[in-house]
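Listed here are the chains, written in short residue letters.
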Amino acid sequence: MQPKIMMKKKSVSASKASLVLFLCQMISALDVPLDLSQPPTITQQSPKDYIVDPRENIVIQCEAKGKPPPSFSWTRNGTHFDIDKDAQVTMKPNSGTLVINIMNGGKAEAYEGVYQCTARNERGAAISNNIVIRPSRSPLWTKERLEPNHVREGDSLVLHCRPPVGLPPPIIFWMDNAFQRLPQSERVSQGLNGDLYFSNVQPEDTREDYICYARFNHTQTIQQKQPISVKVFSMDSLNDTIAANLSDTDIYGAKPVTERQPVLLTPTGSTSTKVELRGNVLLLECIAAGLPTPVIRWIKEGGELPANRTFFENFKKTLKIIDVSEADSGNYKCIARNILGSAHHVISVTVKAAPYWITAPRNLVLSPGEDGTLICRANGNPKPNISWLANGVPIAIAPEDPSRKVDGDTIIFSHVQERSSAVYQCNASNEYGYLLANAFVNVLAEPPRILTTTNKLYQVIADSPALLDCAYFGSPKPEIEWFKGVKGSILRGNEYIFHDNGTLEIPVAQKDSTGTYTCVARNELGKIQNEVHLEVKDPTMIIKQPEYKVIQRYGQVSFECIIKHDSTLLPTVIWLKDNDALPDDERFLVGKDNLTIMNVTDKDDGTYTCIVNTTLDSVSASAVLTVVARPNPPFDLELTGQLERSVELSWIPGDENNSPITNFVIEYEDGLHEPGVWHYQTEVPGTQTTVQLKLSPYVNYSFRVIAVNEIGRSQPSEPSEQYLTKSANPDENPSNVQGIGSEPDNLVITWESLKGFQSNGPGLQYKVSWRQKDVDDEWTSVIVANVSKYIVSGTPTFVPYEIKVQALNDLGYAPEPSEVIGHSGEDLPMVAPGNVQVHVINSTLAKVHWDPVPLKTVRGHLQGYKVYYWKVQSLSRRSRRHVEKKILTFRGNKTFGMLPGLEPYSSYKLNVRVVNGKGEGPASPDKVFKTPEGVPSSPSFLKITNPTLDSLTLEWGSPTHPNGILISYILKFQPINNTHELGPLVEIRIPANESSMILKNLNYSTRYKFYFNAQTSVGSGSQITEEAVTIMDEGKEDWKKEIVNGSRSFFVLKGLTPGTAYKVRVGAEGLFGFRSSEDVFETGPAMASRQVDIATQGWFIGLMCAVALLILILLIVCFIRRNKGGKYPVKEKEDAHADPEIQPMKEDDGTFGEYSDAEDHKPLKKGSRTPSDRTVKKEDSDDSLVDYGEGVNGQFNEDGSFIGQYSGKKEKEPAEGNESSEAPSPVNAMNSFV
C-alpha cells in the first residue's frame, strides 16, 4: 500500500471567498441608504407553490423596505382581498405578512387560491410573485378485495401498490407485518410508481404479508394497503398435486421450470417518451422479467451518458441524471440481457425549460437630468414572453412618463426628473412557468457618502488577495480614488484592481503592502474620504506533517503535526479521523504537536487529519493509518467431489486485516485413529481457495485451514465435515526392518509400525518371515499383531539371515516386501591378537603392530582393536606410582596404531584386544617397552635472596619432569643499564647436584636479568627467568630531603635513576621528638624497548605505604595529645608565622623547628617539618622513639626499618577519663595499607 499523505490550505481571503465578498459588496453598493427616500423593495416572500399543513395556521410572507415605509395590500385570485372582513385573517404590524388562523376554527381548504402582495409608498409600488396556496392531503386507500396470487415457480409477478393521490405525492415502500423492509435484489425490486416487480418468483417468495406503505411527509402520516398474499408452486409439488387429481390414463403434468429470455415489464412496448424540465432530475426506468434474472444496461444513442451527473439506482434498473439541460435531450436505450437473449426499450427524452434569467433588471439610482436603462432578458423552451409593469400596472395603461421609452426587453430613460421615480416589474413567462422581478428607478440628488466603517482594520495572509472595502453612495454616482499613506500618491497600475463598487483589490498582498489606505469619493455635489488599515500576516504552515503509518494491532502509533505561524495569530489544532471528530476514547492522546493512539485496534484504521486554524487561514495535512494483524480464520469449509482417494476442499478467506494472505495451510484430523491430533496435509498460495487433497483409505478425515500473512498465522478455521474413506489393502509395508540378535542364540527382528492412516483398514497385522542366508532353507513365517518386534530363538551364533516383514489387514496383504539381511546374536571374541610388536619412535611416541585374529573367532561384527597401555615406572626416579591404564581404540580391521603422549625415560606395558558388538576378547600377553631420555622441564623455581653491594644468592628447585638423568644446570645473566639496554651475557655451568649458589663480584645498585635451565644428555630444557638488584653503597650517596605538607599522605619522588635501589626515610616531628621509618625500594625494571606502568611497580607501592605509615603515626600522636587536653594558641602563632607549615628546620642541629607556647602544648595539626636543606642525617633517625611515653620498646633492622611496637600511658584528664592507644608497627601498618 502506497503512503497517502494529503495537505490542504485555505484562507478566508482565497479566491472563492473573495468572489463572495465582492458580490456582496456589489449588491450593497446599489442599495440606497434607508435614511433617503426610495421606492419599496420586496425583501421576503413565500414560495410560488406553497403547500401548507391543514392542521396549522397559514403564514403567507411579504416583507418590504422603503422610505417612507411602505403600506401593504393583497389580492386573492386576481381581486382585492379585504382582510378586515375576515376575522380569521390578520396582518403582522409593520409588515405585509398574513396569518390565517386555522387552529381556531378555520379550514385550510377555504383559503386555497392565488395570492399576491403589493408594497406601496409615495415613490412607487412593488409586487410579489403569485403565491399558490394549497393544503396538503393524505387520503386513505380505497377499500378493495385482494385475491391471493398463485404463481408458478420461475414466472414473473407484479404486485400493484396504487397509492391514493396526495399532495405532495407520498413516498412508497414495502414491508411485512413485523414492519421489516422486504429485501430487494436484481430479481425483486420496487418501481418508480411504487409497484413491486418480480423478474421471476422462487419458492421463498411465498408469504401472506406483502404490504405497501405510503408516507406523507408533509403531514407526517403513513397509510397502509391491505396485505397481499403470494403462493409460489414449485414444479415438484405441482406435479404431485396434478397426479393425485388425475386418473392413470391422464398424461398431463406441469412442465419443469424452463429458462426464459428477458421481457420488459415496464415500460411496455419498444419506445416511449419523456419530458423533463431544465435543472430537474431525470429518472428513467426499465424492469425486465426472465430466467435467469436479466441484467440491465443503459446507453445514449449517438452520444455518451454525461459524466459526473449520471448515477444508477435500483440495481441499475433506474438511470438518474441530475441537473439536466437541453443538451441531455435524446434517445436513451435500456437493454435487458440474460444467457438466452435480450430485450430493449428506447425512451425519447425532451428537455424543456421554464423561464430563467439571462439579465434580471436591477435597481437604478439617477440624479435629475441623467439617463439610464432597465434590461430584462430571460430564456426558456419555448422562448418566454417579456412584459413590463409600472407600479404593478401593465405599462401600456400606466400613467405616461415622457422620460420613459419601452423597447422590448429594455426600458430607456432620458433626462429623468424626480417624478420619474417608480417601481417597474418584468414578467417573463411560458407554458412551464414565469419569472417576476421588481426594479426601481429612484431619482435623487445626493453628495457622496462612504458607508464603510472608518479606520476599519483588514488582516490577510501574505501572497493572498486583499480586498479593501469602500462602500459608497451618491447621486450622481461618485468617482472613487485610492491612496496609500497620509500623503501618498494615487494608486494605479497592474498591481491593483479597482472594482465598480469601490473595493480596492491587491491580488497578491506582500508584507510591504501593510499600511493605511485612503478612499476618496467625489461627485459634483461634494467630496468625502475614509481611511482603512491593512496588516499582512505570515502564513500558517505545517513544517512536520503526519506520515503514513502501518502498525500491528494492539501497538502504539504517533502522528506528528509541527506548525509554524505568525506570532500575532493564535492557532488552534484539531485532529479528525475520516473527516469526523476523534472517537471519545482515552486511548487517543492529543499532545501539543502530535496525536498518539495507544493499544491500536482495527477500528482505528483510517485517515487522520491535522487541521490548524487561525482567524485568517487554515491548513491541514492528512496521513493514513493502516492497522495490520494476523488474518482472520477462513470459514465455510466445504468438501466436494468425494472419491476413494481424493476430495476437493474449498473455503472462504477471512479478513486479511490489511496484510495480504500469502498462503493457506491445510491440516487434517484422523478421528478414527488419532482423534484430537491435527497433522499437516499441504499448503497452497494465498490466491487459491480450493485444493484437491489426496486421501488414504480407512481414515475418518476432518480438515481445517489456517491463513498466513506477514504478521503471522490465523486461528484455525472451524473443522470441515467428516469424511470416512473406504477400507483397502495396505499400500506399504513397515520401514526400517532390522535383524539384530540380543543373545548369542536369538534373532530380534524389529520394524517401524505403520501409522493409523497407513493401515488402510481394520485388523492391521504383520507377517514376519526369515531364513538363514546362503543355506537352502524354506522361509519361516509367523503373523503377529500390530507390534514392532519379534524374537526368533534357538539360532546359531552370529549367522546371517534374510528377513522380510509384510503388512496385512482384514482386506488383504500389502505388496510383497523387500528383503533385508540381519544377523543372529553375537558372542565375545575367542582369541587375542598375536605377534604384538612395539617400535619406539621417540621419547613420547611409539608404534604398535599386531596380527589380526581369524574372523571366525570374532563371533560378531568386528568393530576394531583396543590397545591398553600404562606406565610402569620412571627410569630416572626409580619410584613406582599408581598405575593408570590408557586405552586407544582402532576401528575396523586395522593392525597397527600410534601411541602418543608418552613420558620420556619411562618403562611401559601394553596389550591388545579384539572388539565386536558383544564386547572385548581376551588380552594379548603384556608387552614391555621403554622410552628414551628427553630434555627436562624448566626448574621448579628460582629465588634470588640476600642482595648485597656486589653479590646475590640464587636458589632453585629441580625440574618437575627431569625426563632423564640431569647432568648440569646452565645459568646465564646480564646487567641492565639506565637506558634499559642489556649488557654482556655471562654463562655459568653448575653441577646437577647443586641447589644454590652465591654470585659474587657484581656491581652495586645494578639490576640483573637471569636465565636458568636444566640439561640432560639429550639437551637443555626450557628456561626460567628472574631479575634482581644489588643494593646501593650508602657511603657513596648523600641523603636528599623533601619538605612535605603535613596533611598529605603521599609524595612523588622525581629524577630517580631507572633500575636502581633506593632507601627512603619518612620522619615526623611531634611534642615528644622526631619519629621516622625507613624502607628500601628500587625503581622500575629496565626492560629494553618497553614502557612500565609506575602504578603497578612494587617500589612505588612500597613508597606509598611508607608515607601512609608516617602519616598514621603522626595522626596517632596528635590524637593522643588532644585527648590529654593540651591546648595550642593557634591564633598567636598564626600571627607570628604567616604559614607555619612551611617553616624551615633549624639548620645548626638538624632537628625539626619548634612550634610551641610557654603555657599550652599541642601536637602539630597538619604535619611535621623537614630540614630546609632537604637532607636527613642518619644519626638522627634512630634516637627519638625511645623518648616517647613510658616503657617504649622498639628496634630497627639492620637496614633501618622499624620492626617493633610502641605503647605508652597518657596523662589522665578529668573530663575524658582513661584512654590507651597501641599503634601498630610500620611493617604491620604497611601490610594493612596495601
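Please read these numbers as outputs of a predicted model, since none were measured by experiment.

Right, let's talk about the overall build of the protein for a bit. For the protein, the count of helices and strands is six helices and 90 strands. Considering only contacts in the protein between residues 6 or more positions apart, those separated by 24 or more positions represent 66%. Carbon together with sulfur atoms contributes 50% to the accessible area of the protein, which is approximately 65000 Å² in total.

Turning our attention to the side chain of S464. Position of S464 among the secondary structure elements: in the loop between β40 (456-461) and β41 (466-468). A polar contact of 2.4 Å, which involves the side chain of S464, links it to the backbone oxygen of I461.

The three strands are arranged β31-β36-β35 in an open sheet whose pairing can be described as antiparallel. The sheet is open, and its two edges are formed by β31 (372-375) and β35 (404-407), each paired on a single side. Within this sheet the neighbouring strands show an average axis-to-axis angle of 20°, counted without direction. Where β31 and strand β36 (residues 410-413) come together, four bridges link them in antiparallel fashion. Looking across to β36, one finds that T373 is bridged to I412.

Scanning all chains against the criterion turns up six disulfides. With a sulfur-sulfur separation of 1.9 Å, C161 is cross-linked through a disulfide to C212. Residues C161 and C212 share a disulfide whose torsion about the S-S bond is about -70°; that sign makes it left-handed. Here the residue C161 occupies a position in the loop between β14 (157-159) and β15 (171-175), and C212 occupies one in strand β18 (residues 207-216), the gap between them amounting to 51 residues. Residue classification places C212 among the buried positions, given a relative accessible area of 0%.

Strand order in the open sheet made by the three strands is β73-β74-β77, with antiparallel pairing throughout. Since the sheet does not close on itself, it has two edges, and those belong to β73 (834-842) and β77 (896-899), each with one partner. Across the sheet, the mean angle separating the axes of adjacent strands is 20° when strand polarity is ignored. Relative to β77, strand β74 (residues 845-851) is paired through four bridges, and the arrangement is antiparallel. Residue pairing across strands places H849 opposite F896, the latter belonging to β77.

Among all residues except glycine, the phi angle is most often negative; among peptide bonds, the trans geometry is most common. Note the cis peptide between K67 and P68, where omega equals 0°. Looking along the chain, the bond that leaves S475 and enters P476 is cis, with omega of 5°. Considering the arrangement of structural elements, one finds P476 in the loop between β42 (472-475) and β43 (479-484). The residue Y554 is not glycine, and still its phi comes out positive at about 75°. Topologically, Y554 is positioned in the loop between β49 (549-552) and β50 (557-560). Overall, the relative accessible area of 57% leaves Y554 in the exposed class. You will see that N1001, though not glycine, has its phi angle at about 60°, which is positive.

What follows concerns the nonpolar core. In terms of nonpolar packing, the biggest core is built from 29 residues, with I58, I60, W74, I100, Y115 and I133 touching the most fellow members. Mapped by element, the contributors of at least two residues to this core are β3 (49-52), β4 (58-60), β5 (62-67), β6 (71-76), β9 (98-100), β10 (113-121) and β12 (131-135). When residues of this core are assigned to their parent elements, the largest contribution, three residues, is made by β10. Ignoring anything within four residues of it in the chain, the contact list for I133 reads Y50, V52, I58, I60, Y111, E112, G113 and Y115.

Turning next to the packing of aromatic side chains. By the definition in use, this model includes 21 aromatic pairs. Taking 5.7 Å as the distance between ring centres and 5° as the angle between the ring planes, the aromatic pair formed by F173 and Y213 counts as stacked. Residue F173 is found in strand β15, and its partner Y213 is found in strand β18; the two are separated by 40 residues along the sequence. Overall, Y213 belongs to the buried group, its relative accessible area being 4%. In this structure, K48 packs its charged tip against the face of Y434, placed 4.1 Å from the ring centre. Across the ring face of F896, the terminal group of K894 is positioned such that the distance to the ring centre comes to 5.2 Å.

So, about the environment of D1079. Inspection of the secondary structure assignment puts D1079 in strand β88 (residues 1073-1082). The exposure class of D1079 is partly exposed, given its relative accessible area of 22%. Separated by 27 residues in the primary sequence, D1079 and A1106 have C-alpha atoms spaced 7.0 Å apart.

We now examine the pattern of salt bridges. Evaluation of the coordinates by the stated rule reveals 36 salt bridges. When the shortest N-O distance is used, the salt bridge between R522 and E481 registers 2.7 Å. Remark: E481 occurs in strand β43 and R522 occurs in strand β46 (residues 515-523); sequence separation between them is 41 residues. Given the relative accessible area of 29%, R522 is considered partly exposed. By relative accessible area, which is 24% here, E481 ends up partly exposed.

With that settled, the discussion passes to the side chain of T41. Along the chain, T41 falls in strand β2 (residues 38-45). Among residues more than four places away in sequence, those in contact with T41 are E63, A64, K65, N363 and F440.

Here we take up a nonpolar patch on the surface. Residues L192, V281 and L283 make up a contiguous nonpolar surface patch of roughly 230 Å² in combined accessible area. Considering the arrangement of structural elements, one finds V281 in the loop between β22 (271-277) and β23 (282-285).

With that settled, consider the pairing of strand β70 (residues 800-809). Burial of β70 is extensive: nine of the ten residues sit out of reach of the surface. Of the strand pairs in this sheet, strand β67 (residues 765-772) and β70 are connected by eight bridges, and their pairing is antiparallel. Counted as the bridge partner of Q765 is L808 from β70. Both β70 and strand β72 (residues 820-823) contribute to a ladder of four bridges, which runs antiparallel. Following the sheet pairing, P800 is matched in β72 by H823. Pairing of β70 with strand β71 (residues 812-813), which is carried by two bridges, proceeds in the antiparallel orientation. Looking across to β71, one finds that L808 is bridged to Y813. What sits between the antiparallel neighbours β70 and β71 is a turn of two residues.

So, on to the confidence of the model for the protein. Mean pLDDT over the protein stands at 84; residues scoring 70 or higher make up 83%. Counting contacts from residues 1-29, a segment whose pLDDT is below 50, to residues more than four positions away or on other chains yields 55 contacts. Long-range and interchain partners of residues 1086-1092, a stretch whose pLDDT sits below 50, account for ten contacts in this model, where long-range means more than four residues apart.

Glancing now at the environment of V647. Its place among the elements puts V647 in strand β59 (residues 646-652). Along the primary structure V647 and L693 are separated by 46 residues, whereas in three dimensions their C-alpha atoms are 5.4 Å apart.

What follows is about the environment of T273. Mapping T273 onto the fold places it in strand β22. Sequence-wise, T273 and T350 are 77 residues apart; in three dimensions their C-alpha atoms are separated by 7.8 Å. Excluding residues that lie within four positions of it along the chain, T273 makes contacts with I347 and S348.

Cut-offs used in this document
Residues numbered from 1 in each chain as written. Predicted model: local features only at pLDDT ≥ 70, side-chain atom pairs only at ≥ 80, totals over all residues. Heavy atoms only, no water. Helix = DSSP H or I, 4+ residues; strand = E, 2+ residues; numbered from the N terminus. Contact = heavy atoms within 4.5 Å. Areas by Shrake-Rupley, 256 points an atom, 1.4 Å probe, with all protein chains shown as cover. Polar contact = N/O pair within 3.5 Å; in protein donor to acceptor, adjacent residues only side chain to side chain. Pairing = 2+ DSSP bridges. Axes fitted to C-alpha atoms, helices over the stretch in contact; angles between N-to-C directions. Disulfide = S-S within 2.5 Å. Buried < 20%, exposed > 50% of the residue type's maximum accessible area, 1.4 Å probe, protein only. Core = buried A, V, L, I, M, F, W, Y, C linked by side-chain atoms within 4.5 Å. Phe/Tyr/Trp six-rings, centres within 6.5 Å; stacked < 30°, edge-to-face > 60°. Lys NZ or Arg CZ within 6 Å of the ring centre and 35° of its normal. Salt bridge = Lys/Arg side-chain N within 4 Å of Asp/Glu carboxyl O. Patch = residues over 30% accessible without salt bridge, like charges linked within 9 Å, V, L, I, M, F, W, Y side chains within 5 Å. pLDDT = per-residue confidence, 0-100.

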